[in-house]
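# Fold and geometry: a report
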Amino acid sequence: MVRELKFLAALWKINIASAMEYRIAFLSQSIGMILNDGVYFLVWIIFFDRFNNIRGWQLTDMFLVFGVSAGAFGLAGMLFGNTFNLGDIIINGRLDYYLSLPRPTLLHVLASRTVPSGFGDFLYGFISYFASGQFSFGGLGRFVLALLLATIVFVSFLVIIQSLAFWLGTGGTLTGIAINAMITFALYPITLFNNAAKLILFLIIPAAFMGAVPAGFVRGFSWYLLGQMTLASFSFLALAVFLFHLGLRRYESGSAIQVEV
Amino acid sequence: MPAILVSNLSKTFRTKHKAAGLGASLHSLISPQYSNVEAVRGLTFEMESGELLGFIGPNGAGKSTTIKILTGILFPNDGEVHVLGYIPWKQRRQLAYHIGTVFGQRPQLWYHLPAIDTFILFGKIYELDDRAVKQRISYLSEAFEIVDLLETPVRKLSLGQRMRCEVAASLLHKPKLLLLDEPSIGLDVVAKQHIRDAIREMALRENVGVLLTSHDAGDLEALCKRVIVINHGQIVYQDKVSVLKRSFLNSKLVEVRYAQPISPNFHVAGTETLKVSKDLYAIKLRFDPLQTPVENVMAHLSAAGTLLDITVSDPPLEEVIAKIYETTI
Amino acid sequence: MKKYLAIFKINLLNSLAYPAEIATRSGMILVFMFVFFQLWYVTYTASGLQVLNGLTLRDTMWYLLLAETLELGRPRLARVISQQVKDGSIAYLLDKPYDFMLYQLGIGLGESLPRMGILFIIGGILVWALAGAPPDLQNWPLAFLAFSGAWLLHFCVNGLIGLAAFVAEEVAPFEWIYQKLVFILGGLLIPLDFYPAWLQTLSKFLPFAYMMYGPARLFVRQDIQLFIQIIIGQLFWLALLGGLLALTFARGMRRLAINGG
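Reading the values: rules and limits
Residues numbered from 1 in each chain as written. Chains lettered and ligands numbered in written order. Predicted model: local features only at pLDDT ≥ 70, side-chain atom pairs only at ≥ 80, totals over all residues. Helix = DSSP H or I, 4+ residues; strand = E, 2+ residues; numbered from the N terminus. Buried ≥ 20, exposed ≤ 12 C-beta atoms within 10 Å, placed from the backbone. Contact = placed C-beta atoms within 7 Å. Rg over C-alpha atoms; globule rule 2.2 N^0.38 Å. pLDDT = per-residue confidence, 0-100. Expected span 1.5 Å × (residues − 1). Arc of directions from axis to C-beta. Pairing = 2+ DSSP bridges. Axes fitted to C-alpha atoms, helices over the stretch in contact; angles between N-to-C directions. Parallel < 35°, antiparallel > 145°, perpendicular 65-115°, else oblique. Left-handed = near helix turned anticlockwise from the far one by under 90°.

## Overview of the overall build of chain A
Within chain A, the secondary structure is distributed over 13 helices and zero strands. Listing the helices and strands of chain A from first to last along the sequence gives α-α-α-α-α-α-α-α-α-α-α-α-α. On the principal axes, the C-alpha backbone points of chain A span a range of 65 × 45 × 35 Å. Within chain A, the fraction of its 261 residues that count as buried is 48%. Put simply, 80% of the contacts in chain A that link residues at least 6 apart link residues at least 24 apart.

## Overview of the overall build of chain C
When helices and strands are counted, chain C shows twelve helices and two strands. Its helices and strands in sequence order give chain C the pattern α-α-β-β-α-α-α-α-α-α-α-α-α-α, from N to C terminus. In terms of C-alpha radius of gyration, chain C reaches 19 Å, essentially the compact-globule figure of 18 Å for 261 residues. By its C-alpha atoms, chain C is 65 × 40 × 30 Å across when sized along the principal axes. Across the 261 residues of chain C, 41% fall into the buried class. Looking at chain C alone, contacts between residues at least 24 apart form 82% of all its contacts between residues at least 6 apart.

## Things to note about the confidence of the model for chain C
For chain C, the mean per-residue pLDDT works out to 87, and 95% of the residues sit at or above 70. Complex prediction metrics read pTM 0.84 and ipTM 0.85.

## Focus: the interface of chain B and chain A
Many analyses report the size of an interface as the accessible area lost when the parts associate. Facing 30 residues of chain B, the contacting portion of chain A comprises 23 residues. Mapped by element, the contributors of at least two residues to the side of chain B that touches chain A are strand E1 (4–17), strand E2 (33–47), helix H2 (63–71), helix H3 (92–96) and helix H4 (115–125) of chain B. The greatest single-element share of the side of chain B that touches chain A, amounting to four residues, is contributed by H4 of chain B.

## Overview of helix H7 (residues 189–206) of chain B
Residues and elements named next belong to chain B. Here H7 contains 18 residues, and its C-alpha end-to-end distance of 26 Å stays within 8% of the 26 Å for a straight helix at 1.5 Å per residue. Among the residues making up H7, those that are buried are Lys192, Ile195, Arg196 and Ile199. Axial view of H7: buried residues confined to an arc of 105°, hence all on one face. Across from the buried face of H7, at angles greater than 90 degrees, the exposed residues are Val190, Glu201, Leu204 and Arg205. Count one or two residues on from H7 and you reach Asn207, which has phi positive near 55°.

## Thoughts on the sheet that holds strand E10 (residues 252–258) of chain B
Residues and elements named next belong to chain B. Pairing within the open sheet is antiparallel, and its four strands lie in the order E11-E12-E10-E13. Edge positions in the sheet fall to strand E11 (272–276) and strand E13 (307–313), since each of these pairs with one other strand and no more. Averaged over all pairs of adjacent strands, the angle between their axes in this sheet comes to 20°, without regard to strand direction. Sheet analysis places E10 next to strand E12 (residues 282–287), joined by six bridges and oriented antiparallel. Looking at E12, one finds that Val254 is bridged to Leu285.

## Considering the pairing of E11 of chain B
Residue and element names in this part refer to chain B. With respect to burial, E11 is a largely exposed element, only zero of its five residues being buried. Relative to E12, E11 runs antiparallel, the two being bridged by four bridges. Its bridge partner lying in E12, Thr273 is registered against Leu285. Turn length for the E11-E12 hairpin, with the two strands adjacent in sequence and antiparallel, is five residues, and the turn residue Leu280 shows positive phi of about 65°.

## Examining the sheet that holds strand E7 (residues 209–214) of chain B
Residues and elements named next belong to chain B. The sheet built from six strands is open, its strands ordered E5-E6-E7-E3-E8-E9 with mixed pairing. Pairing within the sheet leaves two strands with one partner each, and these edge strands are strand E5 (99–103) and strand E9 (234–240). Along the sheet, successive strands turn relative to each other by an average axial angle of 15°, direction set aside. In terms of strand pairing, E5 meets strand E6 (residues 177–181) through five bridges, oriented parallel.

## Some details on the packing of helix H1 (residues 2–20) of chain A against H4 of chain B
H4 of chain B packs onto H1 of chain A with a crossing angle of 165° between their chain directions and a minimal axis gap of 9 Å. With respect to H4 of chain B, the axis of H1 of chain A lies roughly antiparallel. Judged by the sense of rotation from one axis to the other, the crossing of H1 of chain A with H4 of chain B is left-handed. In contact with Lys6, Phe7, Ala10, Leu11, Ile14 and Ala17 of chain A of H1 of chain A, H4 of chain B contributes Asp117, Leu121, Lys124 and Ile125 of chain B.

Quick look at the structure:
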């Protein structure tokens, strides 16, 4: 475990160094992302200016939801950047590189890239939280915890979706839709959805665990919410690891797509 | 104890057929069509530790598949494989600590950063002690003459320089076996020479076994003592390089230059005239020394005029190997 | 004229040959429409009113569908042109004996027409099921005119941004800013009717409302006066931006001739 952490630290260090090689692009992408998130939030400000609340959900809640979602999205991009193109890596046979090295494959793959704009999202997450008016030191602690758990759910979900590439041979389409769905649903008030839809948002496309539930936890500590988030994170993570390794067996049998004799 | 033991290795790929277009995609979903590709069939060979072994074969011969199985990335349908005492696909991670790989087509170095950053990362990947890594890096960079290149971003290096860094990186953890897949591809003649020398040096110094696959017969000639020729997934020939050249092709090439022009129909009995130069001063011919004694040919040639220059050589290894591809299976 | 038609046809057929692309976009519009519906259904129900700010729930949904269709379906011309400017291939294209802009127009139309058509149909099926039948047929012709005007305005702006590559390193920031301005001031995510008065007035003086709000609003509610306003606005901005485009293009060509590409 300790070895892996040391390895991860070295990997992240080299990632960041690589991203920082193009300082201007790095900065502009990060700032651009902050502004981007801000604009989407502006739309909500306009909406809540006209309509005071949506079944009890108010602008403050949106600050928190945006905070956790953007933060989780950003953290995933910074530390596990290959989450977004795992499907491509599988299809193009680029797993070979990671397989020939003595470190856990999934971890190695995911952590081998940094998405520069991820810093923007991550920072925006904190900005949004501070702007929510809900700030307190206890709250900050809950925010960080919620963010970590949300990141685990998000990354795991994407790994699950893209592991299908081992069998289907294509990834891009589904990945794009999956990310879009996750973000969209996460950023809309959970109170909008009826029970059937809620079931989907908790169990299948776990957007609830990226937005509403963590936001609720930041508002106020609750064992119930904490339990939910922890259970969700570890369940999705377990499924992701399992599915990936199942797919890896298939990859090693050579039946997955590219055949280079 | 041999470094590599392969016995009756077989690997068949089952691939789905799919034509382009929406209709074909749907059809393939409902009733998929498969075809079997036998990449490797009953392959058997051994490699001693510290040996320099070459693997040559045309595209689709099964080289890449064999290498992948040896590194544990692929598992076979049949046969036994032991690499450094490990079963590759079952003990891939343990094996990984003791082998190094260089794939000409797949770089390991981080593109935007100096090579040294990748070296340090590799140190962490292989769990090497920090100080030992530093010493190892300076040792390897001297050997591969990349000391001045270490701090330059890899994207700014020439291909030859990059390959030297790649090979150095693969030796960082003192592997017992080095697997090189097309290491000289795309390099110019000087760069090729450079890297071949460096690899050979290191291999001998550290007693690292080198398994090299290549299209380039020059790689084999320079680096390998023994060569395995593989085609259609099977071994068609394996022996020492020197033996290969000597026994397989029974011909000698002779190039002569005279002081006076010779007749355009110049011919020596028992030989095949390959080329007569336009100015009629030089001629190139080929003959089988087992059929036509060398002595006779030489005598004939010197009698034909005043010899200014003469070269007698073996056919290039390429020709030998091409011949091998043709004559078997 | 014939050659532009041929170019248009080729691009049309080309864009239909990529089912994955179509699937991704269709997936996106379905997700958006579903979530939008949840939001506005709850909002309308909570207000207890059938009509809010002059629009019914059904109106709002069809408004959003048209807006999203235009947004997701329009060609990313800026990227194409800027790439051609940057790698110099624009020089080869200008060699050809047809007007460069008309050429791009043909490509753009060929690409986006089927895309918008599919998006509208697929999204429309969902919206019909959720919110009710599409607007009266009598609205369609005028809306179509306004839609075409909007499409052309997008084309001009994109063209200008693309040509900015002659002077700027990266045009992506400009593209991004313009897109966000259309979001906010064009009423992509919320019809302008719901905006605070001052913001509505502001948007009347800028081109963005004519690029998005105009056609979408005319589609859902018959309003001759609004139509006239929109058309005049579109013509004004088309003249301005189109003229600017022609000028910039001529300048660019001169610059190329001097610098040799």
